[in-house]
Amino acid sequence: MNSRRRFALVAMSALAALVSAGCAKREPPSGGPPDLEPPRVISSFPDSGAAGVPRDAHLSLTFSEGMEPRSTGDAVALAPRVEIRQRRWSGRTLTVVLAEPLKVPQTYTLFLGSGATDRHGNRIENGRTLVFSTADSFPRGVIAGEVEARGFTAGGIYLWCYSGERKPDSTARDFDALGVTDVNGHFRVAGLPVPARYRVWAFADLNYNRSFEPLIDVLAPVDTVFDLTEAHPQASSIHVVVVNPRAPGRVRGAVLDSLADTLGVVRVTAAARSDSTRTLLFDVDSGRLFDLLLAPGTWRIRAFRDLDKSRSWQSALEPASDMLEVVVPPAGDVVGVKLMLKRPPGRAEHP
């Protein structure tokens, strides 16, 4: 076979392979759909509410799927605080080995923070608490209710409980008991010895490291002091409002315009009183309504008709409202603001 015929046969074979590949059925990428389901704790030792737990017990949590060992292990702690000597994994089960025996009688809370993730990076929802006691019977004291969170989500907020006159120290992990809110903000701190007096702090761990950082997290005391007695061991239906002091607030209102102008665009400016260079610009909607999201503080707002669409107010030419000073509370909602457009002095109509 000469070289020219050999080249032709090779070329035809290559073309046939390309056609076959193009006509082949395209399959979805292997490996199945991505895992977006958050992991869950499906069992534990001991069970929550258990009494008579041995002092040398090894505590364990079993998850619904494979977990990322480091983030999950770091998210586990015990209150009152006991040092964890080792975290052992066997499949989907994490076993916690303590550095010292548990005390008797004592109620403990093993808690799993929301920093725990599965092997695909999905965080566990709202954390989890496991309450047990080394006493012969489980203590009857309970503090329960709901947290109304403003400026952040209500799920996964910790309720730190302290007996007597104690309060959080710099480590932020010295509480006597602990609760965690569910996705709707409901919480239940159980296993509290009675009679006793308790104080509660709500802690939103916004960076998931279980340690209070004032510039990031939220820590707020609950005003009520709870006196639990043998006759009345439970305090329920507690409503706690927690505000993120750094959360922006809303300013809503309308621009009133009786000038019958149709040129340009109606806009609203907002300038921070504490920093006049910090100015924001917003467009109003077709109904001349505005909805501004502003950092907490005092703002000076003004509406104007941007005739030349330069995105800045030409005070000698363009209609504008008087400046209005508005105090925006953290996570607040200022409503019903009205800004009336007026012509600049000496101008009867727009150019």
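Overview of the structure.

## Some points on unusual backbone geometry
(1) Moving on: The omega angle of the peptide bond from Ala79 to Pro80 is -5°, so this bond is cis rather than trans.
(2) Moving on: Take Pro80: it is sitting in the loop between strand S3 (76–79) and strand S4 (84–90).
(3) Moving on: In this structure, the amide linkage connecting Val194 to the following residue, Pro195, adopts the cis form with an omega of 0°.
(4) Moving on: Here Pro195 lies in the loop between strand S11 (186–192) and strand S12 (196–204).
(5) Moving on: With a phi close to 60°, Ser237 is a non-glycine residue in the positive phi region.
(6) Moving on: With respect to the secondary-structure elements, Ser237 resides in strand S15 (residues 234–243).
(7) Moving on: Take Ser237: its relative accessible area is 70%, and that puts it in the exposed class.
(8) Moving on: Even without a glycine there, the phi angle at Arg288 is positive, about 60°.

## A look at the sheet that holds strand S17 (residues 265–272)
(1) Moving on: The antiparallel open sheet is built from four strands, whose spatial order is S18-S17-S20-S21. Each end of this open sheet is capped by a strand with a single partner; those strands are strand S18 (275–283) and strand S21 (324–328). On average, each strand axis in the sheet is tilted by 30° relative to the strand beside it, whichever way the strands run.
(2) Moving on: The pairing of S17 with strand S20 (residues 297–306) spans eight bridges and is classified as antiparallel. Across the sheet, the residue bridging to Arg267 is Phe304, located in S20.

## A look at the sheet that holds S15
In any sheet, the strands associate via hydrogen bonds between backbone groups, in a parallel or an antiparallel arrangement.
(1) Moving on: One open sheet accounts for three strands, arranged S11-S8-S15; its pairing is mixed. Only two strands of the sheet have a single partner each, and these edge strands are S11 and S15. Adjacent strand axes in the sheet meet at a mean angle of 25° when their direction is disregarded.
(2) Moving on: Inspection of the sheet shows strand S8 (residues 141–150) paired to S15 by eight bridges, in the parallel sense. For Arg150, the partnering residue across the bridge sits in S15 and is Val243.

What counts, and where the lines are drawn
- Residues numbered from 1 in each chain as written.
- Predicted model: local features only at pLDDT ≥ 70, side-chain atom pairs only at ≥ 80, totals over all residues.
- Heavy atoms only, no water.
- Helix = DSSP H or I, 4+ residues; strand = E, 2+ residues; numbered from the N terminus.
- Buried < 20%, exposed > 50% of the residue type's maximum accessible area, 1.4 Å probe, protein only.
- Pairing = 2+ DSSP bridges.
- Axes fitted to C-alpha atoms, helices over the stretch in contact; angles between N-to-C directions.

This is a description of form; function is not addressed.
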